[in-house]
Amino acid sequence: MSTPIKKKPGPTGKKSGSSTPARGMDQRHLDLSALNLTKDEDVDAVPEETTPQMSFAKEKLLEEARRVIDTEGENKRKGVSLVVVGHVDAGKSTLMGRLLYELGRLEEKTRIANERGSAKAGKSSFSWAWGLDGTTEERERGITMDIALQSLATPHRQVTVLDAPGHKDFIPNMISGASQADCALLVIDSSTGEFEAGFERGGQTREHLLLVRSLGVAQVIVAVNKLDQVDWEKDRYEEICSILRPFLVQSGFHPSKTEFVPVGAMEGINLATREGDPAAALNKWYTGPTLVDLLDVLEPPSREIMAPLRIPISNVFKSHGSGAAVSGRLCGGVVQVGERLRILPGDETAIVKSIEVDDENVPWAAAGTNATFYLTSIDPVNLHIGSVLCSTTDLVPLATSFSARIIVFDIQVPITAGTSVELFHHSRDVPATLSKLISTLDRATGKLLKANPRVLAKGTSAEVKIALRTTTLSGPATVRPIPLETFAVNKGMGRILIRRGGETIGAGIVLSIDG
């Protein structure tokens, strides 16, 4: 039997448990000790988390950001973000999963595991989509529900991919993804009847194109997928292109910024290469670029680094250790590690502990970048999707009512004053009312056509006043303001979408904040 080892007294000579008050202590000390209010030299103070220091003065940081952006492309790939949209089951996730594999971003081990798992679940045709659809529910239902974020590299571009859901029930998530993108990849199902179903009224092909254009996306690549199901017919490909071209122009996409490419996602045909027997039928009539070739020439838009710092939060998650992490796209300005930021709405502040872009830690990030920010000195309960991070000295305005210029989409029921709508701004959606119809405008020139119109019909351009509504059914009816900015000051923060009864009825820009 082993002899119990006696613990040696610590360096102070006290034994373990010395926080118990000694005999002879007065009653006041005993009371304080019982309430744990006595100072105890033995207990090691919990080391405070070190706050990271800023590396650059504000002016130096702007100089550094401008220098890096100007030289981008000479010695490093230009960064661009791409939202993948299209009708449900067009093959968006399958196409991106296969493309990631072709470019070496999906390991063979993961691919085999996905193939086995999907076959076991009776969904073997979804094996490539499992590379992006990671949640159990998405895999069971066989549809994308939330935005999947991935990154891939082409010879001259570093592409951040936002795989959006195609199902109309998840349009809010798709809007959140499109508001973070520079360019769009529209995936079309070319099989007989399927393209028509997606493109006719109520199909997601139309709505997605209108939404991405309304959110400022100007470049689009149309990937005509599943051509292998129609034996790579050239006539079918050209029929689809001829139907889509006029609609793209009508939606506001310039023909020079629109590209079409035939692909077969399951077989990986014309994604990165077009070789071998499977591609022989396509090679007979198509000699144009592959999808990767088109991604490689996407133009990143200009970055608003001189604008005030604005980071709308698109996701909040627990970080490793203390603090919290948020992800989002910078709509303006430059942020660096160590900087203290304000979270609006609310009066909380946080310090940027680290910044991650494309899985790499970076000392700073500039406008137009999709990044993850690890924050400290903040309770995660005070961070919400749709809130905006901004500089403590240049706060984003908060609004409960504002004037906007909108374009009314193809709607059946005209809009009248007092119409209840859902207002979408980045990742936030709130109930609102079109409180006043100010005027209708000429779509081309912006000239006033009619003041105080009674209704807004489809295709109308109009100036309206929008007021937020309360969300509470009982208690005081207080309307919570949302962070908003005029389009003239910040384009990214000044775009809005309006939906009613599950369909998008209009989109526009903020002209002025009234209250």
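Residues numbered from 1 in each chain as written. Predicted model: local features only at pLDDT ≥ 70, side-chain atom pairs only at ≥ 80, totals over all residues. Heavy atoms only, no water.

For a regular strand, the rule is simple: side chains alternate between the two faces of the sheet. Within strand β17 (residues 401-408), 6 of the 8 residues are buried, which leaves it mostly tucked inside the rest of the structure. Relative to strand β23 (residues 461-468), β17 runs antiparallel, the two being bridged by 7 bridges. If you follow Ser403 over to β23, its bridge partner there is Lys465. Bridging between β17 and strand β26 (residues 503-513) involves 7 bridges; their strand directions are antiparallel. Among the inter-strand pairings, Arg405 is bridged to a residue of β26, identified as Ile509. (Buried < 20%, exposed > 50% of the residue type's maximum accessible area, 1.4 Å probe, protein only. Helix = DSSP H or I, 4+ residues; strand = E, 2+ residues; numbered from the N terminus. Pairing = 2+ DSSP bridges.)

Axes are the key here: two packed helices are described by the angle between their axes and the distance separating the axes. One can describe the packing of helix α8 (residues 204-214) onto helix α9 (residues 234-251) by two numbers: an axis separation of 10 Å at closest approach and a directional angle of 35°. As for how α8 packs across α9, the hand of that crossing is right-handed. For the pair α8 and α9, contact is made by Thr205, Arg206, Leu209, Leu210 and Arg213 and by Leu244, Phe247, Leu248 and Ser251, respectively. (Axes fitted to C-alpha atoms, helices over the stretch in contact; angles between N-to-C directions. Left-handed = near helix turned anticlockwise from the far one by under 90°. Contact = heavy atoms within 4.5 Å.)

Looking now at the pairing of strand β5 (residues 219-225). Buried residues dominate β5, accounting for 7 of its 7 residues. With burial as the criterion, each face of β5 is covered, one bearing Gln219, Ile221, Ala223 and Asn225 and the other bearing Val220, Val222 and Val224. Inspection of the sheet shows strand β4 (residues 183-189) paired to β5 by 7 bridges, in the parallel sense. Across the sheet, Ile188 pairs through a bridge with Val224, a residue of β5. Each parallel crossover has a hand, and the one from β5 via α9 to strand β6 (residues 258-262) is right-handed. (Right-handed = clockwise from strand over helix to strand, strands pointing away.)

The final tally for this structure, using the stated rule, is 2 cavities of 30 Å³ or more. In this model, the largest cavity occupies a volume close to 70 Å³. What lines the largest cavity is His87, Val88, Asp89, Ala90, Val187, Ile188, Asp189, Glu194, Phe195, Gly198 and Thr205. Of all elements in the fold, only β4 and α7 (194-199) reach the threshold of two or more residues within the lining of the largest cavity. Of the residues belonging to the lining of the largest cavity, the class tally is 5 nonpolar, 3 polar and 3 charged. By volume, the second largest cavity is sized at about 40 Å³. Along the walls of the second largest cavity sit Ser179, Gln180, Pro312, Ser314, Arg329, His426 and Ser427, which together make up its complete lining. (1 Å grid on protein atoms, 1.4 Å probe; cavity = no way out; pocket = protein on both sides within 12 Å on 5 of 7 lines; lining within 4 Å. Points joined across faces, edges and corners; volume = space filled by probe spheres on them. Nonpolar A, V, L, I, M, F, W, Y, C, P; charged D, E, K, R; others polar.)

Ranked by internal contacts, the top residues of the largest apolar core, which has 65 residues, are Leu95, Leu185, Val212, Leu244 and Leu291. Each residue touching Leu95, except ones within four places of it in the same chain, is listed here: Leu185, Val187, Ala223, Val263, Ala265, Leu271 and Leu291. In this structure, Ala462, Ile482, Ile498 and Ile505 belong to the second largest nonpolar core, which totals 24 residues. (Core = buried A, V, L, I, M, F, W, Y, C linked by side-chain atoms within 4.5 Å.)

Moving on, we get to the packing of aromatic side chains. On inspection of all chains with the given rule, the structure shows 4 aromatic pairs. Between Tyr237 and Trp285, the aromatic rings sit 5.4 Å apart at their centres with planes inclined by 40°, giving tilted as the arrangement. A residue pair is termed long-range when its members are at least 10 positions apart, and Tyr237 in helix α9 and Trp285 in the loop between α10 (280-283) and α11 (291-295) qualify at 48 residues. The pair formed by Tyr237 and Trp285 is uniform in burial state, with each residue classed as buried. Ring geometry for Trp285 and Tyr286: centres 6.1 Å apart, planes at 75°, overall edge-to-face. What makes Tyr286 buried here is its relative accessible area of 8%. Ring-pair connections join several aromatic residues into one group, and the members of that group are Phe195, Phe199 and Phe247. Taking the ring centre of Phe260 as reference, the NZ or CZ of Arg245 above it sits at 4.7 Å. (Phe/Tyr/Trp six-rings, centres within 6.5 Å; stacked < 30°, edge-to-face > 60°. Lys NZ or Arg CZ within 6 Å of the ring centre and 35° of its normal.)

As a further point, take the pattern of salt bridges. Evaluation of the coordinates by the stated rule reveals 12 salt bridges. Across the pair Glu196 and Arg236 runs a salt bridge whose closest N-O atoms are separated by 3.0 Å. With a gap of 40 residues between them, Glu196 in helix α7 and Arg236 in helix α9 connect regions that are remote in the sequence. Judged by its relative accessible area of 8%, Arg236 falls in the buried class. Arg310 is paired through a salt bridge with Asp394; the nearest N and O atoms lie 3.7 Å apart. One end of the pair, Arg310, is in strand β7 (residues 310-318); the other, Asp394, is in the loop between β15 (388-391) and β16 (398-399), and 84 residues separate them in sequence. Overall, Arg310 belongs to the buried group, its relative accessible area being 1%. On the basis of relative accessible area, Asp394 is assigned to the partly exposed category, the value being 36%. Taken together, the shared-partner salt bridges connect Asp182, Arg303 and Arg329 into one network. (Salt bridge = Lys/Arg side-chain N within 4 Å of Asp/Glu carboxyl O.)

The next thing to look at is the side chain of Asn490. With respect to the helices and strands, Asn490 occurs in the loop between β24 (482-483) and β25 (495-500). Beyond its immediate stretch of four places on either side in the chain, Asn490 contacts Pro308, Arg310, Cys331, Gly332 and Glu485.

Here the focus is unusual backbone geometry. That bond from Leu344 to Pro345 is cis: its omega, -5°, falls within 30 degrees of zero. Along the chain, Pro345 turns up in the loop between β10 (340-344) and β11 (348-357).

Looking at the secondary structure, you find Pro414 in the loop between β17 and β18 (415-416). Those residues within four positions of Pro414 in sequence are excluded, and the remaining contacts are Val455, Leu456 and Arg500.

Residues Asp228, Asp231, Glu233, Asp235 and Glu267 make up a contiguous surface patch of negative charge. Of the residues examined, Glu233 reaches a relative accessible area of 41% and is grouped as partly exposed. (Patch = residues over 30% accessible without salt bridge, like charges linked within 9 Å, V, L, I, M, F, W, Y side chains within 5 Å. Areas by Shrake-Rupley, 256 points an atom, 1.4 Å probe, with all protein chains shown as cover. Lys, Arg positive; Asp, Glu negative; His and termini not counted. Charge placed at Lys NZ, Arg CZ, Asp CG, Glu CD.)

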